[in-house]
Amino acid sequence: MVFVAVVLYFLLACALSWMVLFPAGRAYVSRRLELVGSRFQRRVQNIARRGGEQAGALGSESAMAMRQGGNFLREHKWTALAALFIMLLPAVVAWMASSRTMVGGFDAPVREANQQVSELLQGEQLVPPAPLPPMLFMTPEVEIVRPGLVSASRDWALLDKDYSQRLLQAFRIMKERHGYDMAILEGYRSPERQDALAAQGSNVTNAKAFQSWHQYGLAADCAFLRDGKLVISERDPWAMRGYQLFGEVAESLGLTWGGRWKMMDFGHTELRVDGVRRK
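Residues numbered from 1 in each chain as written. Predicted model: local features only at pLDDT ≥ 70, side-chain atom pairs only at ≥ 80, totals over all residues. Heavy atoms only, no water.

A. Main features of the overall build of the protein. A tally of regular secondary structure across the protein gives nine helices and five strands. Taking the contacts inside the protein whose residues are at least 6 apart along the sequence as the reference set, 65% of them involve residues at least 24 apart. Carbon and sulfur atoms form 61% of the exposed surface of the protein, whose accessible area is close to 17700 Å². (Helix = DSSP H or I, 4+ residues; strand = E, 2+ residues; numbered from the N terminus. Contact = heavy atoms within 4.5 Å. Areas by Shrake-Rupley, 256 points an atom, 1.4 Å probe, with all protein chains shown as cover.)

B. Here's a closer look at the pairing of strand E1 (residues 181–186). Most of E1 is tucked away: five of the six residues are buried. Strand direction decides the pairing type here: E1 and strand E2 (residues 219–226), joined by five bridges, are antiparallel. Bridge pairing links Ile 184 to Cys 222 in E2. (Buried < 20%, exposed > 50% of the residue type's maximum accessible area, 1.4 Å probe, protein only. Pairing = 2+ DSSP bridges.)

C. Representation of the nonpolar core. If you look at the biggest cluster of nonpolar residues, it comprises 42 residues, and the most contacted ones within it are Tyr 163, Leu 167, Met 174, Cys 222 and Phe 246. Contributing elements (two or more residues each) for this core: helix H7 (161–178), E1, E2, strand E3 (229–231) and helix H9 (237–252). Apart from residues no more than four positions distant in its own chain, Leu 167 is found in contact with Trp 156, Ala 220, Cys 222, Phe 246, Leu 255 and Thr 269. (Core = buried A, V, L, I, M, F, W, Y, C linked by side-chain atoms within 4.5 Å.)

D. The side chain of Thr 205, seen in detail. Following the sequence through the fold, Thr 205 ends up in the loop between helix H8 (191–198) and E2. Here Ala 207 takes part through its backbone nitrogen, which lies 3.1 Å from a polar atom of the side chain of Thr 205. Every residue in contact with Thr 205, bar those within four places of it in the chain, is listed here: Gln 194, Leu 197, Ala 198 and Met 263. (Polar contact = N/O pair within 3.5 Å; in protein donor to acceptor, adjacent residues only side chain to side chain.)

E. How the structure looks around a nonpolar patch on the surface. Taken together, the side chains of Met 135, Met 138 and Val 150 define a hydrophobic patch exposed on the protein surface, amounting to about 290 Å² of accessible area. The class of Met 135 is exposed, set by a relative accessible area of 60%. (Patch = residues over 30% accessible without salt bridge, like charges linked within 9 Å, V, L, I, M, F, W, Y side chains within 5 Å. Salt bridge = Lys/Arg side-chain N within 4 Å of Asp/Glu carboxyl O.)

F. Looking closely at the packing of aromatic side chains. Inspection of every chain in the model, using the stated rule, returns nine aromatic pairs. Aromatic side chains Trp 213 and Tyr 216 sit 6.5 Å apart centroid to centroid with 65 degrees between the ring planes, which places their arrangement in the edge-to-face category. Here a set of aromatic residues connected by ring pairs shows up, and it is made of Tyr 180, Phe 224, Trp 238, Tyr 243, Trp 257 and Phe 266. Sitting above the plane of the Phe 137 ring, Arg 154 keeps its charged end 3.6 Å from the centroid. (Phe/Tyr/Trp six-rings, centres within 6.5 Å; stacked < 30°, edge-to-face > 60°. Lys NZ or Arg CZ within 6 Å of the ring centre and 35° of its normal.)

G. Local environment of the environment of Arg 272. Position of Arg 272 relative to the elements: it lies in the segment after strand E5 (268–270). With relative accessibility at 46%, the residue Arg 272 sits in the partly exposed group. Placed 53 residues apart in sequence, Arg 272 and Ala 219 show a C-alpha to C-alpha distance of 8.7 Å. Filtering out sequence-adjacent residues up to four positions away, Arg 272 remains in contact with Trp 213, Thr 256 and Trp 261.

H. The arrangement of the pattern of salt bridges in detail. Tallied over the full model, the rule gives 10 salt bridges. Among the salt bridges present, the one from Arg 193 reaches Glu 186, with a minimum N-O distance of 2.6 Å. With relative accessibility at 19%, the residue Arg 193 sits in the buried group. Residue classification places Glu 186 among the buried residues on the basis of a relative accessible area of 0%. What emerges from the salt-bridge pattern is a single network uniting Arg 146, Glu 186, Arg 189, Arg 193 and Asp 221.

Note that every value here comes from positions in space, so none of it alone points to a role or purpose.
Dropping the structure here:
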């Protein structure tokens, strides 16, 4: 309903603008009003001949009103223009306000935040943590949630430098501010591994080779360390709270968090760079 009202309002505004601002428009509207008045007069006169003289008088008055309306528009064009301006002013103000909102929406701040974070991190290069023992990625708890994780790459050197610094910053904030130790489960992913995961079904991933930011070193899946063990499942309330905090921290650093997707991936973050990933 709101969309229909906006469209009708726009069409009315265009028609009034054409009528008020252009002589041809005023002349056309005047002719049409006179034509409608004449037709209405003839029709009423026909009724009057059958039903009496009163209807004829009504027709004459209606035609006169039509002509007077056309004359008024020709003689008071500035008044009509002022009325049109008053009518359009709320729409113009709303449009300007919406334009400012769009500029201050999702895309622009993310790009600005990315640049600011990048500048901040140039002064301090964070060092990746030491690799974790492979046995941590082979426990029954881990295999249930992420089977075959032991063969995944966790080499920080294969990640994009800008992305890895943001992710390391997120790890540090999670530790210092929220008390969560974090670990990377999988970073760079080869095209072959991506296709193999896609072949397992949409419950694993919908992305084929080069359709994921993992292939470009711009994405990673992460989880938590507690008492020397990996905690991945969001069914653990402690882990779920950690994922929510991790998402907030990651987004504050200009990263995209998978927890907001339709197919939620709470431990996933990525840095989207224009012109990198294949469509």
